[in-house]
Amino acid sequence: MAENILTSPAYRSKFRVALAGNPNCGKTCIFNSLTGARQHVGNYPGVTVESKSGSFTLNDMEIELIDLPGVYSLSSSSPEEAVVFRELTKAGIDLVINVIDSTIPQRSLYLTTQLAELHIPMMLAFNMSDDARKKGLQFDIKKLETYFGSPIVQTVGNTVSGVKVLKDKLAEELKHLDDHGVPMLSYGADFDEAINAVASRIDELDVARFRHIPARFFAIKLLEKDTCVMQIDEFKPAWSEVDEQILHLREKHAIEADTFMADRRYAMLAGACRDAISSTQEKRREISDRIDLVMTNKFLGFPLFLAIMYVTFWFTFTCADPLMGYIEEFFGWLGESVGSVWGEETLPFIRSMVIDGIISGVGGVIVFLPNILFLFFAIAILEESGYMSRAAFVMDGVMRRFGLQGKSFVPLVLGFGCTVPAIMATRTIESERDRKITILVLPLMSCGARLPIYALIIPAFFAAKYQAFTMWLIYLIGVLIALIGARLMKSTLFKGDGEVYLMELPPYRMPTFKSLMFHMWDRGRMYLQKAGTIILGTSILLFICNTYPEKQNFSRDYDTMIETAGEDAEAVTALENEKQAEVMEYTISGRVGKTLEPLFKPIGFDWKITTATIGALAAKEVFVAQMGILYSEGEADEESDGLRAKLRQNYSPLQAFCIMLFCLLSIPCLATLAIIRRELNSWKMAFVEAGGLFALAYIVTFVVYQLGTLLNIGTRMLG
């Protein structure tokens, strides 16, 4: 008796609650508001591809909250639905909060009818209730609670007050879980009889791991030939009964069981919504629809998309430039300050490594943090306003010409941020063929790690009025080559017919400042973490490779020649640079670079760029760190304005463009190759991808550099 009292919900202090709902219903906003977790929020399907968990305390109760992927049903027809099915059929879920988009209740509630069949206590959160009121929708909550047998609360997920009502209701319901009643939907006498026959057979099997789920739920799924349930070996003995009942229903009603049951669910929803939901306004075209007449227009949509991306890059450069100057001055001051208080005689190697390796290398990467922050601030606005799903809709027709479906657009856009989560987001693509193609072309999208390379080179070699255009052009080149590659693969390696793709267009919404800050800071934090770990370690390694072995014997007596030159500053600078060149060429980096220089010379690379390109395999930002280390020593030009000035002195605009082009198209970072191997379950594909991208980058860069040299385009040094 005492044990029963202690396990009663009224006396428990720990609970597991699952959040379930359609894509774009605001589920992740509620998750963030409840747990404080900084999880990325986007107004298009495919952002959440794995379940995530967070925890919070509510009235002395510890609650683990599981954020499930957004799905439209439990039919296991997509990777997201399979994840949700697995999570909800595990033991230990105390309550399901089903988040409903109040602006489209009838469509959102279809999932609710299936969740009810699990017989897990459930709450319904009618989210975006403010938007529903603007549409003139009114809800009879008491009637709806009767229909679905679950308590209902109206919420606004992106405001504190809008979630408070949910927390209050949740605290109340967790104490009365045993009192929850979830009504069974009747499918009619014949179908209910068939369901009961299969359920009886399942009860006889007594599968231990599913005792907490009613046999009726699995019986319905077996009659629907649901993929996930059909893969459960313990239910195989019931297949003969299932086939017999399906045949009986087909002969009697001339309809498949899954089609009939779906029709019954929709009929129930239509009746419930007609009875309990009313509209105070006549139907009229909403603001979102009027905006979409322009934004998704078949003639204007694509040019507007390109224009919006151009403005995004213009915004990034314009806002970031002043802040970059301050950060650059800070690291310059930091290096000088450390050098002034740390005498040259005290631990000279460590001193040089700190000043010329760590400060020059890591500082040279952190200086581009403003670019990262402002770019992702702009992308967050596009995502959370609802425009990104319009961009996917606009691009669907274009992408089909290249053999992909519009659903591939979402991971490709995420690739502008980081290729690793973008590849994971391809799990939302049902077609295995299209998914593989999307994964293989994703590294061609300009990820955020390449942005510091562009932000270093573009201002150094291109006039301010052309900087946004050059950035836009680099991104566009990556997209075009990715689409061409997809078309070739679809015509050769992955032949097959295209699939129908339906894109949901959520209403336009005003992004909240808080969510924009979260999104921007998350990207910035990831960038700083990489700068403080991978790039820091690589910078130290590269400094050692750039320092040892030390050259003792030179081809000329530079010290005597410099002393003889006296006050001839120009001659002294030239001699010091010649000496430093011999020093660097003698090091490990110099020897590797010199060995590979003949291979890279036809694309405009010298040994310094070559070694930086190799270092970038660890992380693309390392390219900037290596160039900073290589050019931090041996310069006597007091008028130098930093690394950009040194690059202008040594390279032409044509070479600069080829550097960006090669970094765009070549082998991605090792983390990307690792995730490709994991998602495709093949080391062979990962190595083929690396080799293919290197060959592509080399050929394209070779053609551009040789043509530019032949036509004398951008070959003049600017320094």
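Residues numbered from 1 in each chain as written. Predicted model: local features only at pLDDT ≥ 70, side-chain atom pairs only at ≥ 80, totals over all residues. Heavy atoms only, no water.

Check the secondary structure of the protein and you find 34 helices and 8 strands. In the protein, buried positions account for 55% of the 719 residues. Working note: accessible area of the protein is about 32,300 Å², and carbon and sulfur atoms make up 59% of it. (Helix = DSSP H or I, 4+ residues; strand = E, 2+ residues; numbered from the N terminus. Buried < 20%, exposed > 50% of the residue type's maximum accessible area, 1.4 Å probe, protein only. Areas by Shrake-Rupley, 256 points an atom, 1.4 Å probe, with all protein chains shown as cover.)

Two numbers describe a pair of aromatic rings. These are the distance of the centres and the angle of the planes. All chains considered together, the criterion is met by 24 aromatic pairs. The interplanar angle of 35 degrees and the centroid separation of 5.9 Å between the aromatic rings of Phe330 and Trp333 together place this pair among those described as tilted. Of the two residues, Phe330 and Trp333 are both situated in helix 15 (residues 301-341); the distance of 3 residues between them amounts to about one turn of the helix. For Phe330, a relative accessible area of 42% puts it in the partly exposed group. Residues Phe600 and Phe662 carry aromatic rings whose centres are separated by 6.0 Å and whose planes lie at 75 degrees to one another, so their mutual orientation is edge-to-face. (Phe/Tyr/Trp six-rings, centres within 6.5 Å; stacked < 30°, edge-to-face > 60°.)

Turning our attention to the packing of helix 28 (residues 588-600) against helix 29 (residues 607-615). Interhelical geometry of helix 28 versus helix 29 gives an angle of 105 degrees and a closest axis separation of 8 Å. Viewed along their axes, helix 28 and helix 29 adopt a mutual orientation that is roughly perpendicular. The residues of helix 29 that touch helix 28, namely those facing Ser589, Gly590, Val592, Gly593, Lys594, Leu596, Glu597 and Phe600, are Trp607, Thr610, Thr611 and Ile614. Broken down by class, the residue content of the contact of helix 28 with helix 29 amounts to 5 nonpolar, 5 polar and 2 charged. (Axes fitted to C-alpha atoms, helices over the stretch in contact; angles between N-to-C directions. Parallel < 35°, antiparallel > 145°, perpendicular 65-115°, else oblique. Contact = heavy atoms within 4.5 Å. Nonpolar A, V, L, I, M, F, W, Y, C, P; charged D, E, K, R; others polar.)

In the predicted model, the protein carries a mean pLDDT of 81, and 87% of its residues have values of at least 70. Counting contacts from residues 38-48, a segment whose pLDDT is below 50, to residues more than four positions away or on other chains yields 47 contacts. Low pLDDT, under 50, characterises residues 633-640; the stretch is placed with 15 contacts to residues that sit more than four places away or in other chains. (pLDDT = per-residue confidence, 0-100.)

Quick look at the packing of helix 33 (residues 670-680) against helix 34 (residues 683-710) now. Where helix 33 contacts helix 34, the two axes come as close as 8 Å, and the packing angle between them is 140 degrees. If you check the angle between helix 33 and helix 34, you find them oblique. As helix 33 runs across helix 34, the sense of the crossing is right-handed. Facing helix 33, whose interface residues are Leu673, Ile676, Arg677 and Leu680, helix 34 presents Trp683, Met685, Ala686, Glu689 and Ala690. Grouping the amino acids of the contact of helix 33 with helix 34 by side-chain chemistry returns 7 nonpolar, no polar and 2 charged. (Left-handed = near helix turned anticlockwise from the far one by under 90°.)

Right, let's talk about the nonpolar core for a bit. Formed by 83 residues in total, the largest nonpolar core has its most connected members in Phe623 and Met627. Per-element accounting of this core gives the leading share, 11 residues, to helix 23 (residues 464-491). Setting aside its immediate chain neighbours within four residues, Met627 contacts Lys608, Ile609, Ala612, Leu643, Leu647 and Tyr651. Ala20, Ala132, Leu249 and Met268 belong to the second largest nonpolar core, which has 67 residues in total. (Core = buried A, V, L, I, M, F, W, Y, C linked by side-chain atoms within 4.5 Å.)

Bringing a nonpolar patch on the surface into the picture now. On the surface, Ile699, Phe702, Val703, Leu707, Leu710, Leu711 and Ile713 cluster together into a nonpolar patch covering about 690 Å² of accessible area. Turning to its location among the elements, Leu710 is positioned in helix 34. Residue classification places Leu710 among the exposed positions, given a relative accessible area of 69%. (Patch = residues over 30% accessible without salt bridge, like charges linked within 9 Å, V, L, I, M, F, W, Y side chains within 5 Å. Salt bridge = Lys/Arg side-chain N within 4 Å of Asp/Glu carboxyl O.)

On to unusual backbone geometry, then. Residues other than glycine seldom take positive phi values, yet Asp206 does so here, at roughly 50 degrees. Here Asp206 shows up in the loop between helix 9 (189-205) and helix 10 (215-223). Phi is positive for Asn712, which is not a glycine, with a value near 60 degrees. In this structure, Asn712 sits in the segment after helix 34. In this structure Asn712 comes out as exposed when scored by relative accessible area, which is 57%.

In this structure the tally under the stated criterion is 19 salt bridges. In this structure, Asp243 engages Lys225 in a salt bridge whose closest nitrogen and oxygen atoms are separated by 2.9 Å. With Asp243 in helix 12 (residues 239-253) and Lys225 in the loop between helix 10 and helix 11 (227-230), this pair connects stretches of sequence that are 18 residues apart. Among the residues examined, Asp243 registers a relative accessible area of 40% and is labelled partly exposed. For Lys225, a relative accessible area of 39% gives the class partly exposed. The network of salt bridges with common partners includes Glu117, Lys221, Glu224 and Arg265.

Looking now at the environment of Glu328. Within the element layout of this structure, Glu328 appears in helix 15. Among the residues examined, Glu328 registers a relative accessible area of 34% and is labelled partly exposed. Sequence separation between Glu328 and Gly363 is 35 residues; the distance between their C-alpha atoms is 7.7 Å.

Turning our attention to the side chain of Glu145. Topologically, Glu145 is positioned in helix 7 (residues 141-148). One buried charged side chain, Glu145, makes no salt bridge at all; its nearest oppositely charged neighbour is Lys142, positioned 4.2 Å away. For Glu145, the side chain forms a polar contact with the main-chain nitrogen of Ile152, separated by 2.9 Å. (Lys, Arg positive; Asp, Glu negative; His and termini not counted. Polar contact = N/O pair within 3.5 Å; in protein donor to acceptor, adjacent residues only side chain to side chain.)

This next bit is on helix 17 (residues 369-385). Compared with the 24 Å implied by 1.5 Å per residue over 17 residues, the 24 Å span of helix 17 between its first and last C-alpha is a close match. Extensive coverage of helix 17 is indicated by the burial of 16 of its 17 residues. Where helix 17 ends, the next residue or the one after it, Gly386, has phi of about 100 degrees, a positive value. (Expected span 1.5 Å × (residues − 1).)

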